[in-house]
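Below, each chain spelled out in residue letters.
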Amino acid sequence: MKREVISPRPNWIERVEEAGLTYSLDDDGSHFWNESVCYSFSLTEIERLEVAVDDLNKMCLKAVEHVITQRRLDQFGIPMTYWPFIERAWENEERTIYGRFDLWYDGSDIKLLEFNADTPTSLVEAAVAQWQWLQDVFPEGDQFNSIHERLVEAWGPVKSELGDKRVYFTSLDDGGEDFMTANYLRDTAHQAGIDTEYIAIENIGWHERRRVFTDLKERPIEAIFKLYPWEWLWKEAFGAHIPTAPTRWFESPWKAILSSKAILPVLWELYPDHPLLLRAAFSPWGDTYAQKPLWGREGANTRLVRGGKEVASNDGPYPGPFVYQELRELPDFDGAHPVCGAWLVNGWACGLGIREDARLITSNGSQFVPHRIASLS
């Protein structure tokens, strides 16, 4: 695993926008996408990642079963009203489309930092933009990236289950990352032959007499993919109707268990000292740890503490409760600290997206950097 300095494409801004990254320019003029560097891996290092993702996925599914059967949903910050809804989805084996494991990785050692199981983004960058970059810059090269193909494949069984039912796709209609990601996912479903339609989250209606969610034309919403966190949906005005409505949801409600960082202490309880895990608990056990909110996103409200002294922190809107994880400062590559986002689609490890920052906490402003497979050994 190496961080290589390379020359950006002369027209790279136009090219990444063509790939769907219309949101890559921040308010301060900096770019979320950075192709002046890339990470290179050997095939062996990529295969090591694939095995780790497969193992982590199996462990997470066992953990969900444990949480449900042992009635531990209260530790996950999930309102009791939704417990039967989540349990029913798990018992019905409702399928999952995708997720992203954020990993500490230096080419040899791998540790789970967290699992973005419900609404992972950086998808367009990982699936489309960096593949386009590879074809332009290293046309004979390779990349750990079959995300797009796996997504189209994942929607096939959904079509078989739903028949001709329309699948709606929803997010905040802000024209930014969530909107583009939701519509990219909609395109993959369309390629699988599914009738799709986009609806902004604020335009979802509730028909009291018919007891169904509806679109702006009063048509029932029978199935919907939401790029909107479960913990936010529960707080919406229509949230109370979710458990009783006949709507099929993607991601399935049982994914709320995995999207809560409470899954980290549970994994450690079930698999203590596992080489892929960092120690985690619901309370600190010393003066050195990473403190993370149950429902935090993009590194918000995260604190890194060493020897009782804060070494890094991010502000944010998530006041807690918190979980505590063994402090493992991100690897240092020429002053950059990468997090390897390993993609899981339909149960398959199928891609890698890397975000890096000069700071120790990856945040909303951290840059996406493409990767390539540079050798077969």
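Refer to the preceding data block for the structure.
Cut-offs used in this document
- Residues numbered from 1 in each chain as written.
- Predicted model: local features only at pLDDT ≥ 70, side-chain atom pairs only at ≥ 80, totals over all residues.
- Heavy atoms only, no water.
- Helix = DSSP H or I, 4+ residues; strand = E, 2+ residues; numbered from the N terminus.
- Rg over C-alpha atoms; globule rule 2.2 N^0.38 Å.
- Buried < 20%, exposed > 50% of the residue type's maximum accessible area, 1.4 Å probe, protein only.
- Contact = heavy atoms within 4.5 Å.
- Polar contact = N/O pair within 3.5 Å; in protein donor to acceptor, adjacent residues only side chain to side chain.
- Pairing = 2+ DSSP bridges.
- Axes fitted to C-alpha atoms, helices over the stretch in contact; angles between N-to-C directions.
- Core = buried A, V, L, I, M, F, W, Y, C linked by side-chain atoms within 4.5 Å.

Observations concerning the overall build of the protein
Of regular secondary structure, the protein possesses 9 helices and 19 strands. Its C-alpha atoms give the protein a radius of gyration of 20 Å, within 12% of the compact-globule value 21 Å for 377 residues. By principal-axis analysis of the C-alpha atoms, the protein measures approximately 60 × 50 × 40 Å. Looking at the protein as a whole, 57% of its 377 residues are labelled buried. A fraction of 70% describes how many contacts in the protein between residues 6 or more apart in sequence connect residues 24 or more apart.

So, the side chain of Q132
Tracing the chain through its elements places Q132 in helix α4 (residues 123–137). Residue Q132 is classed as buried on the basis of its relative accessible area of 12%. Within polar-contact distance, the side chain of Q132 engages the side chain of R9 at 3.1 Å. Residues in contact with Q132, not counting those within four places in the same chain, are R9, R15, V16, E18 and A19.

Focus: the sheet that holds strand β6 (residues 196–200)
The sheet built from 4 strands is open, its strands ordered β6-β5-β9-β10 with parallel pairing. At either margin of the open sheet sits one strand with a lone partner, and together these are β6 and β10 (248–250). Averaged over all neighbouring strand pairs, the angle between strand axes comes to 25°, with direction disregarded. As judged from the 5 bridges shared by strand β5 (residues 167–171) and β6, these two strands associate in the parallel manner. Within the sheet, the bridge partner assigned to S171 lies in β6 and is A200. This element, helix α5 (residues 147–162), spans β5, β9 (223–226) and β10 of the sheet and lies at about 175° to β10.

Overview of the side chain of T188
Mapped onto the elements, T188 comes out in helix α6 (residues 177–191). Polar contacts involving the side chain of T188 include one to the main-chain carbonyl oxygen of L185, which spans 2.6 Å. Excluding residues that lie within four positions of it along the chain, T188 makes contacts with H148, L151, V152 and W155.

Concerning the pairing of strand β17 (residues 348–357)
Most of β17 is tucked away, with 9 of its 10 residues classed as buried. Both strand β16 (residues 337–345) and β17 contribute to a ladder of 9 bridges, which runs antiparallel. Across the sheet, A342 pairs through a bridge with L352, a residue of β17. Remark: 2 residues form the turn of the hairpin made by β16 and β17, two consecutive strands paired antiparallel; N346 in that turn has positive phi of roughly 55°.

What to know about the nonpolar core
By size, the foremost hydrophobic cluster in this structure holds 74 residues, and its most contacted members are I78, F101, L103, F213, I242 and I257. For this core, the element with the most residues is helix α2 (residues 43–69), which contributes 11 residues. What I257 contacts, discounting residues up to four positions off in sequence, is V64, V67, I68, L73, F76, I78, I86 and I263. Counting residues in each nonpolar core, the second largest holds 43 residues, with L151, I194, L227 and W343 among its members.

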